[in-house]
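Tertiary structure, described
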Amino acid sequence: YYITNNLRMSLCDEEYTVDQLYDISLHPDKLKSYPGFQNLHKLTSGTITFHYDLPYDDIKEFVEEEKKTILSKVPEDVIKSNGVKWEHVGSTSIKGMPGTIFPDSLILFDCLPIPKPIFTALMDSGFSFVGSSFHHQDDIWFIKQITRDGSRLDKQFFIIHVTPATLGLSRVLVETRDRCNENQTDFETYKEAKVKAAKLLKEENVIGYKIEKGSNKLFAELNENNPNYSVQGK
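On a predicted model such as this, the values are computed, not experimentally measured, just so you know.

Conventions adopted
- Residues numbered from 1 in each chain as written.
- Predicted model: local features only at pLDDT ≥ 70, side-chain atom pairs only at ≥ 80, totals over all residues.
- Heavy atoms only, no water.
- Buried < 20%, exposed > 50% of the residue type's maximum accessible area, 1.4 Å probe, protein only.
- Helix = DSSP H or I, 4+ residues; strand = E, 2+ residues; numbered from the N terminus.
- Pairing = 2+ DSSP bridges.
- Contact = heavy atoms within 4.5 Å.
- Salt bridge = Lys/Arg side-chain N within 4 Å of Asp/Glu carboxyl O.
- Axes fitted to C-alpha atoms, helices over the stretch in contact; angles between N-to-C directions.
- Parallel < 35°, antiparallel > 145°, perpendicular 65-115°, else oblique.
- Left-handed = near helix turned anticlockwise from the far one by under 90°.
- Phe/Tyr/Trp six-rings, centres within 6.5 Å; stacked < 30°, edge-to-face > 60°.
- Nonpolar A, V, L, I, M, F, W, Y, C, P; charged D, E, K, R; others polar.
- Arc of directions from axis to C-beta.
- Lys, Arg positive; Asp, Glu negative; His and termini not counted.
- Polar contact = N/O pair within 3.5 Å; in protein donor to acceptor, adjacent residues only side chain to side chain.
- Core = buried A, V, L, I, M, F, W, Y, C linked by side-chain atoms within 4.5 Å.

1. Observations concerning the pairing of strand β3 (residues 128-132)
- Most of β3 sits inside the fold, with five of its five residues counted as buried.
- Relative to strand β4 (residues 140-145), β3 runs antiparallel, the two sharing four bridges. Residue pairing across strands places S128 opposite I143, the latter belonging to β4.

2. Description of the environment of I94
- Tracing the backbone through its elements, the reader meets I94 in the loop between β1 (85-89) and β2 (104-109).
- Residue classification places I94 among the buried positions, given a relative accessible area of 2%.
- I94 sits 85 residues away from R179 along the chain, and the two C-alpha atoms are 9.4 Å apart.
- Beyond its immediate chain neighbours, meaning those up to four positions away, I94 contacts Y56, T176, R177, C180, N181, F187 and Y190.

3. Considering the pattern of salt bridges
- Scanning the model with the defined rule gives 13 salt bridges in all.
- Between E87 and R177 there is a salt bridge, with the nearest N and O atoms lying 2.8 Å from each other. Here E87 is found in strand β1, whereas its partner R177 is found in helix α7 (residues 168-182), with 90 residues between them in sequence.
- Residue R179 pairs with E221 through a salt bridge whose shortest N-O separation is 3.2 Å. Linking R179 in helix α7 with E221 in helix α11 (residues 217-225), this pair joins segments that are 42 residues apart in sequence.
- Three or more residues are tied together by salt bridges with common partners; here these are D58, E61, E65 and R148.

4. Details of the packing of helix α1 (residues 18-25) against helix α6 (residues 116-124)
- Where α1 meets α6, the closest approach of the two axes is 11 Å, and the angle between their N-to-C directions is 125 degrees. Compared by their axis directions, α1 and α6 come out oblique. For α1 against α6, the interelement crossing comes out right-handed. Across the interface between the two elements, V18, D19, L21, Y22 and S25 from α1 touch K116, F119, T120 and M123 from α6.

5. Some points on the packing of aromatic side chains
- Inspection of the entire model under this criterion finds 13 aromatic pairs.
- Here Y22 and F119 contribute two aromatic rings whose centre-to-centre distance is 5.4 Å and whose plane-to-plane angle is 75 degrees, an arrangement assigned as edge-to-face. In this pair, Y22 is assigned in helix α1 and F119 in helix α6, connecting sequence segments 97 residues apart.
- Assessed through its relative accessible area of 12%, Y22 is described here as buried.

6. Examining the packing of α7 against α11
- Where α7 contacts α11, the axes come no closer than 10 Å and their chain directions differ by 135 degrees. One element, α7, and the other, α11, form an angle in the oblique class. The crossing of α7 and α11 is right-handed. Judged by residue contacts, V172, E175, T176, R179 and C180 of α7 engage L218, F219, E221, L222 and N223 from α11.
- For the contact of α7 with α11, the residue count by class is five nonpolar, two polar and three charged.

7. A short note on helix α3 (residues 36-44)
- Among all positions of α3, only G36, F37, N39, L40 and T44 are buried. Buried residues along α3 cover an arc of 160 degrees about the axis, so they all sit on one side.
- On its buried face, α3 sits against β3, β4 and β5 (157-164).

8. Points about the side chain of D139
- Looking at where D139 falls in the secondary structure, it is placed in the loop between β3 and β4.
- One buried charged residue, D139, remains without a salt bridge, the closest side chain of opposite sign being K210 at 8.5 Å.
- Here S133 takes part through its side chain, which lies 2.7 Å from a polar atom of the side chain of D139.
- Residues in contact with D139, not counting those within four places in the same chain, are G131, S132, S133, H161, V162, T163, L167 and L169.

9. Describing the nonpolar core
- Residues I107, L122, F129, F142, I160 and V162 are the most contacted members of the largest nonpolar core, which totals 36 residues.
- For this core, the elements supplying multiple residues, two or more each, are α1, α4 (56-71), α5 (76-81), β2, α6, β4 and β5.
- Grouped together as the second largest cluster of nonpolar side chains are 16 residues, L11, F102, F157 and L200 included.

Written as structure tokens, this is what we have:
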């Protein structure tokens, strides 16, 4: 079926059926030529702002609501047989951490390919298919603009990464969240790196911001412990 939800972001995925998009997600060559990320950059240009006071509780509540909605559309046997897990990650999952008001979550599963019911559940929940990230070809992104009247989240963007649980990138994101929430030294190390990198967002250099904020002692240690976390250019 074709995508008809008018609330969806226009990343060119409305030109495809869900089956065609799922097929793209299975083939690295097709992912490389898929223009989702280029269109995402155009769509979000000028909207990404660094905040020192993220609405942690509101974001946490929103992410939990999305989790329930999306996973309720995936059959229980698929969740169990594929070891599906949801993890809220990124700055918005660390209480007191500055950053952008763009919640991030991981949907993890045992091994490739992505279970099709997960892919379909995201598309049916108003997400747009972005493609594989610049970090790693197995980090598949989906995004949607948030509608939440009266909240600072309104018109912000929610990003979901669908990856194998063994992907080093995903493990680093989870461990960063846990370390920063549990250890003040790790929290301050990451916070300092993010604040230093924030200047790049003013220049609309989002990729530079992501690379710069990851250049710190905490990430160096986590990357060393997760050797299959490698940044792959597209």
